[in-house]
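Working through the structure, step by step
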Amino acid sequence: MSDRLLPFDHAGAVVPIIAVSQSSLSLATESLGAAAVTFARASGFKAASGAHLVVPDGEGRIAAVLFGLGAGGDSAPFLLGKLATLLPAGDYRFEGIAADRVHHAALSWALSAYRFLKYRKARPDAGAAEDAFARLVVPAGVDEARLRAEVEATFLARDLVNTPANDLGPIELAAAVRALGERHGAVVCEIVGEALKSGNFPLIHAVGHGSDREPRLIDFVWGRDGDPKVTLVGKGVVFDTGGLDIKPDSAMLLM
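So, how was this worked out
- Residues numbered from 1 in each chain as written.
- Predicted model: local features only at pLDDT ≥ 70, side-chain atom pairs only at ≥ 80, totals over all residues.
- Heavy atoms only, no water.
- Helix = DSSP H or I, 4+ residues; strand = E, 2+ residues; numbered from the N terminus.
- Rg over C-alpha atoms; globule rule 2.2 N^0.38 Å.
- Buried < 20%, exposed > 50% of the residue type's maximum accessible area, 1.4 Å probe, protein only.
- Contact = heavy atoms within 4.5 Å.
- Areas by Shrake-Rupley, 256 points an atom, 1.4 Å probe, with all protein chains shown as cover.
- Lys, Arg positive; Asp, Glu negative; His and termini not counted.
- Charge placed at Lys NZ, Arg CZ, Asp CG, Glu CD.
- Salt bridge = Lys/Arg side-chain N within 4 Å of Asp/Glu carboxyl O.
- Phe/Tyr/Trp six-rings, centres within 6.5 Å; stacked < 30°, edge-to-face > 60°.
- Expected span 1.5 Å × (residues − 1).
- Arc of directions from axis to C-beta.
- pLDDT = per-residue confidence, 0-100.

Quick look at the overall build of the protein
What the protein contains, in helices and strands, is nine helices and eight strands. The C-alpha atoms of the protein give a radius of gyration of 24 Å, which is well past the 18 Å a tight globule of 255 residues would have. Overall size of the protein, expressed as C-alpha extent along the three principal axes, is 75 × 50 × 40 Å. Looking at the protein as a whole, 30% of its 255 residues are labelled buried. When contacts within the protein are restricted to residue pairs at least 6 apart in sequence, those whose partners lie at least 24 apart make up 69%. Only carbon and sulfur atoms are counted for the fraction: they give 57% of the accessible area of the protein, which is about 16000 Å². Where the 25 positive side-chain charges of the protein centre and where its 30 negative ones centre are 3 Å apart.

Concerning the pattern of salt bridges
Evaluation of the coordinates by the stated rule reveals eleven salt bridges. Among the ionic pairs, Arg216 bridges to Glu190, the shortest N-O distance being 2.9 Å. One end of the pair, Arg216, is in strand S8 (residues 216–221); the other, Glu190, is in strand S7 (residues 187–192), and 26 residues separate them in sequence. Overall, the relative accessible area of 18% leaves Arg216 in the buried class. Residue Glu190 is classed as partly exposed on the basis of its relative accessible area of 26%. Note that Arg224 is salt-bridged to Asp227, the shortest N-O span being 3.5 Å.

Focus: the packing of aromatic side chains
According to the stated counting rule, one finds four aromatic pairs in the structure shown. Relative to Trp109, the ring of Tyr92 has its centre 6.2 Å away and its plane inclined at 50°; by these criteria the two rings are tilted. Of the two residues, Tyr92 is situated in strand S5 (residues 90–95) and Trp109 in helix H4 (residues 102–111); the sequence distance between them amounts to 17 residues. Look at Phe116 and Tyr119: their rings are 5.9 Å apart centre to centre, the planes differ by 65°, and that puts the pair in the edge-to-face class. Look at Phe116 and you get partly exposed, because its relative accessible area is 25%.

Quick notes on helix H5 (residues 144–162)
For H5, which comprises 19 residues, the first-to-last C-alpha distance of 27 Å matches the rise-based estimate of 27 Å (1.5 Å per residue) to within 8%. Burial in H5 covers these residues: Leu147, Val151 and Phe155. Mapping the buried residues of H5 onto a view down its axis gives an arc of 65°, with all of them on the same face. Residues Ala145 and Val161 are exposed on H5 and point more than 90 degrees away from its buried face.

Here's the deal with the confidence of the model for the protein
Predicted confidence across the protein gives a mean pLDDT of 88, with 92% of residues reaching 70 or more. The secondary structure element of the protein with the lowest average pLDDT is helix H9 (residues 249–254), at 80, and the one with the highest is strand S3 (residues 52–56), at 96.

This is how it looks when you write it as structure tokens:
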């Protein structure tokens with residue numbers, strides 16, 4: 001899905017997405033010409049927060065897209081992401097986005113394109129038209145490598161969350177971690193089943209003991225020896241019908 005992003009130095013025809021507040025709307029439309037002013041007025045576009053207007057040129061092509069920031073001009077940057085699925089196929093770039101918000105605006109664009117396609121069969125008649133979509137030129141000043149890494153990491157997490165438990169047990173979750181580790185040169189090890197007790201992880205063993213799929217602790221180590229050490233601890237829950245419900249309802253709601 002990161003193919004929704006184009007390099008910031010992309011050449012070729014690119015449609016500007018112009019972020020406008022209610023106070024800057026007139027100036028923005030005037031810069032596009034008299035026809036754009038007339039069209040915006042006829043369309044009733046008021047630059048409300050999150051609203052957008054596709055402005056045509058004299059030949060009916062898209063000249064620009066206006067995106068409303070509301071009265072204060074401080075619309076949430078993640079609102080811009082919805083345009084990725086609303087605009088016609090083509091290449092677009094941002095204009096008028098504050099420097100401290102442009103990264104999140106680009107991130108929201110890419111994240112809004114997520115689809116869970118693991119179980120979808122490809123249509124035999126699917127052609128190039130089905131693969132056409134709106135693409136965004138990464139704004140200047142945005143760290144493109146970081147942006148793409150954030151998108152790919154988020155999509156991986158969403159894919160794991162969306163995979164049903166019958167297809168994502170402890171073994172499959174560990175395999176996903178190993179694949180990620182191999183890709184980035186990390187060291188991955190596992191403590192599985194009865195070894196959890198001797199390894200001083202009795203609670204992991206106890207909670208997972210009710211299932212026929214052995215619980216495990218997955219240890220993922222990445223980086224150089226001299227780097228600052230940061231430890232993240234998470235819980236990968238893969239539900240089945242054999243788990244032990246040891247919490248009262250109030251505690252489950254709190255979780």
